[in-house]
Amino acid sequence: MITVDKPNERSKESLLSLVIPVYKEGSHIKSTIKVIEKVLIDNNIIYEFILVDDGSTDNTWRELKSLAKDSDRFSVLRLSRNFGKESALCAGIEYASGDMILVMDGDLQHPPELIPDMVDAWLKEGYDVVEGIKRTRGKENFIYKACAKLFYYLIYKSSDINLGRASDFKLMDRKVVEAWKELPERALFFRGMSAWLGFERKEIEFDVAERVNGKTKWSLLRLIRLAANAITSYTSVPLHCITLLGIIMFFGAAIMGVQTIFMKLSGRASDGFTTVILLQLIIGSAIMTSLGIIGIYLTKIYKEVKSRPRYLISDYIRGGDDKC
Ligand code: UDP
Ligand code: MG
């Protein structure tokens, strides 16, 4: 059973851990961090950064190391290869020691000016989760927007979790993080998992800014994979759809059966070639799709049963260490 610890004291001295997954952002990560850090310093927030290099092949790790060298407020982690944003976030959160933990992107698309408001909502209003909600989705093409809408609609309809405008810009209390860490699944979808946890939540709207530099790491294929993973993680509705499809086809078959026998007995059974071909095609594709859906769930079970670690760490440097 997952239990929640006694809430810790909230005060101005509470530590804020900022967890940022970083993948091939070497060209601008230092300046990005400086912008965020300035907001924290100006608002007298006590902070630490946990920066996770998700197996970048550019100069990201060098940049992160030099950040850790300059200040003991920086801890940097390097994953052994590119495990994906979800796993990188997970690694960072496990290393964070703050009373509250803020996750955000490393490309300034999540406005740092909002951080003081988020901290205030935690400190003064007593919320456990303060999440950034997208007012606008930023620059995306029409097809991307439509697909995102369909994806969130499917999740909402099938699992009642509304992620439509949710983002990975989120501040969580330590007890939420502890509860989150107890969730055993390997395949992660951070946004969905934190929505599933519940707790006292507050939403703060923000406009998604443009990327500072570089380009998005999400190819269409990666997005489809993430969507399939997210949907099958939160709902078994697709499996029930297969049963429903089976029932509908059964009724169709019964009607067709009666009609066929009737035609035969009344001596009017004739060609019917087109019908046979159509039925073959419909039944064939229905079976293939259904097998595919079952296959997705089966793969998920297979992966969970293997219970491999979510990520592997190849390097870890605590700020101020000589190792840097
Ligand atoms: N990211 C990561 N691993 C990946 C892909 C992305 O750690 O495999 C990080 C990336 O460095 C950034 C954040 O996740 O800090 C969001 O990525 P991106 O900006 O590419 O996504 P988008 O904003 O387009 O959704
Ligand atoms: Mg981005």
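Residues numbered from 1 in each chain as written. Chains lettered and ligands numbered in written order. Predicted model: local features only at pLDDT ≥ 70, side-chain atom pairs only at ≥ 80, totals over all residues. Heavy atoms only, no water.

A.B. asks: Residues and numbers for the overall build of the chain, please.
C.D. replies: A count of helical and extended segments in the chain gives 10 helices and eight strands. Against the 2.2 N^0.38 benchmark of 20 Å for 324 residues, the chain shows a C-alpha radius of gyration of 25 Å, more extended than a compact globule. Overall size of the chain, expressed as C-alpha extent along the three principal axes, is 90 × 40 × 40 Å. Out of the 324 residues belonging to the chain, those deemed buried represent 42%. Restricting the contact set of the chain to residue pairs at least 6 apart, pairs at least 24 apart contribute 82%. As presented, the chain carries roughly 18100 Å² of accessible surface, and 59% of it is formed by carbon and sulfur atoms. (Helix = DSSP H or I, 4+ residues; strand = E, 2+ residues; numbered from the N terminus. Rg over C-alpha atoms; globule rule 2.2 N^0.38 Å. Buried < 20%, exposed > 50% of the residue type's maximum accessible area, 1.4 Å probe, protein only. Contact = heavy atoms within 4.5 Å. Areas by Shrake-Rupley, 256 points an atom, 1.4 Å probe, with all protein chains shown as cover.)

A.B. asks: Report on the nonpolar core, specifying residues and quantitative values.
C.D. replies: Formed by 36 residues in total, the largest nonpolar core has its most connected members in V19, L79, I93, F151, M172, W180 and F190. Of all the secondary structure elements, the ones that give two or more residues to this core are β2 (46-53), β3 (74-79), α3 (85-95), β4 (100-103), α5 (142-159), α6 (174-182), α7 (190-197) and α8 (220-234). Those residues in contact with F151, other than ones at most four positions away along the chain, are F189, A227, A230 and I231. By size, the runner-up hydrophobic cluster in this structure holds 35 residues, among which are F74, L102, F169 and L171. (Core = buried A, V, L, I, M, F, W, Y, C linked by side-chain atoms within 4.5 Å.)

A.B. asks: Report on unusual backbone geometry, specifying residues and quantitative values.
C.D. replies: The backbone of K24 shows a phi angle near 50°, a positive value even though the residue is not glycine. By secondary structure assignment, the location of K24 is in the loop between β1 (15-22) and α1 (29-42). Positive phi outside glycine occurs at N44, with the angle close to 55°. Note on placement: N44 falls in the loop between α1 and β2.

A.B. asks: Describe the pattern of salt bridges, and please don't skip the residues or the numbers.
C.D. replies: Tallying each qualifying case throughout the model produces 15 salt bridges. In this structure, K181 and E178 form a salt bridge, with 3.5 Å as the shortest nitrogen-oxygen distance. Taken together, the residues span about one helical turn, with K181 and E178 both in helix α6 at a distance of three residues. When salt bridges that share partners are traced, they join R10, D128, D173 and K175 into one network. (Salt bridge = Lys/Arg side-chain N within 4 Å of Asp/Glu carboxyl O.)

A.B. asks: Could you give an account of the sheet that holds strand β6 (residues 166-173), with specific residues and numbers?
C.D. replies: The strand order across the open sheet formed by eight strands is β7-β5-β6-β4-β1-β2-β3-β8, and the pairing between neighbours is mixed. Two strands lie at the open edges of the sheet, namely β7 (201-207) and β8 (313-318), each paired on one side alone. Ignoring which end each strand starts from, the neighbouring axes of this sheet average 20° apart. Relative to β7, strand β5 (residues 129-136) runs parallel, the two sharing seven bridges. Each bridged residue has a counterpart across the sheet, and for V130 the counterpart in β7 is K202. Along the sheet, helix α4 (residues 115-123) makes contact with β1, β4, β5, β6 and β7, crossing β6 at roughly 45°. Sitting on the sheet, α6 is in contact with β4, β5 and β6, with an inclination near 110° to β6. (Pairing = 2+ DSSP bridges. Axes fitted to C-alpha atoms, helices over the stretch in contact; angles between N-to-C directions.)

A.B. asks: Which residues make up a positive patch on the surface, and what values do they have?
C.D. replies: Taken together, the side chains of R225, K303, K306 and R308 make up a positively charged region of the molecular surface. Tracing the chain through its elements places R225 in helix α8. (Patch = residues over 30% accessible without salt bridge, like charges linked within 9 Å, V, L, I, M, F, W, Y side chains within 5 Å. Lys, Arg positive; Asp, Glu negative; His and termini not counted. Charge placed at Lys NZ, Arg CZ, Asp CG, Glu CD.)

A.B. asks: So, the environment of G267: which residues are in play, and what are the values?
C.D. replies: If you trace the backbone, G267 turns up in the loop between α9 (237-265) and α10 (273-306). Along the chain, G267 and W180 lie 87 residues apart, while their C-alpha atoms are 68 Å from each other.

A.B. asks: Can you lay out the packing of α6 against α7 for me, pointing to particular residues and giving the numbers?
C.D. replies: Contact pair α6 / α7: the axes reach a minimum separation of 10 Å and the direction vectors enclose 115°. Judged by the inter-axis angle, α6 sits roughly perpendicular to α7. The crossing of α6 and α7 is right-handed. In this structure, α6 contributes V176, A179 and W180 to the contact, and α7 contributes F190, M193 and L197. Each residue belonging to the contact of α6 with α7 can be placed in one class, and the counts come to six nonpolar, no polar and no charged. (Parallel < 35°, antiparallel > 145°, perpendicular 65-115°, else oblique. Left-handed = near helix turned anticlockwise from the far one by under 90°. Nonpolar A, V, L, I, M, F, W, Y, C, P; charged D, E, K, R; others polar.)

A.B. asks: Provide a residue-level description of the site of ligand 1, including the pertinent values.
C.D. replies: Within the structure, ligand 1 sits among 17 residues, and E25, D54, D107, Q109 and T216 are positioned closest to it. Taking D54, its side chain carries an N or O atom lying 2.6 Å from a nitrogen atom of ligand 1. In terms of residue class, the shell around ligand 1 is built from four nonpolar, five polar and eight charged. (Near = heavy atom within 4 Å. Polar contact = N/O pair within 3.5 Å; in protein donor to acceptor, adjacent residues only side chain to side chain.)

A.B. asks: Residues and numbers for the pairing of β2, please.
C.D. replies: Across the eight residues of β2, seven count as buried, placing the element largely inside the fold. As defined by bridge partners, β1 adjoins β2 across eight bridges and the pair is classed as parallel. Bridge pairing in β2 places P21 opposite V52. With respect to chirality, the unit in which β1 leads through α1 into the neighbouring parallel β2 is right-handed. As defined by bridge partners, β2 adjoins β3 across five bridges and the pair is classed as parallel. (Right-handed = clockwise from strand over helix to strand, strands pointing away.)

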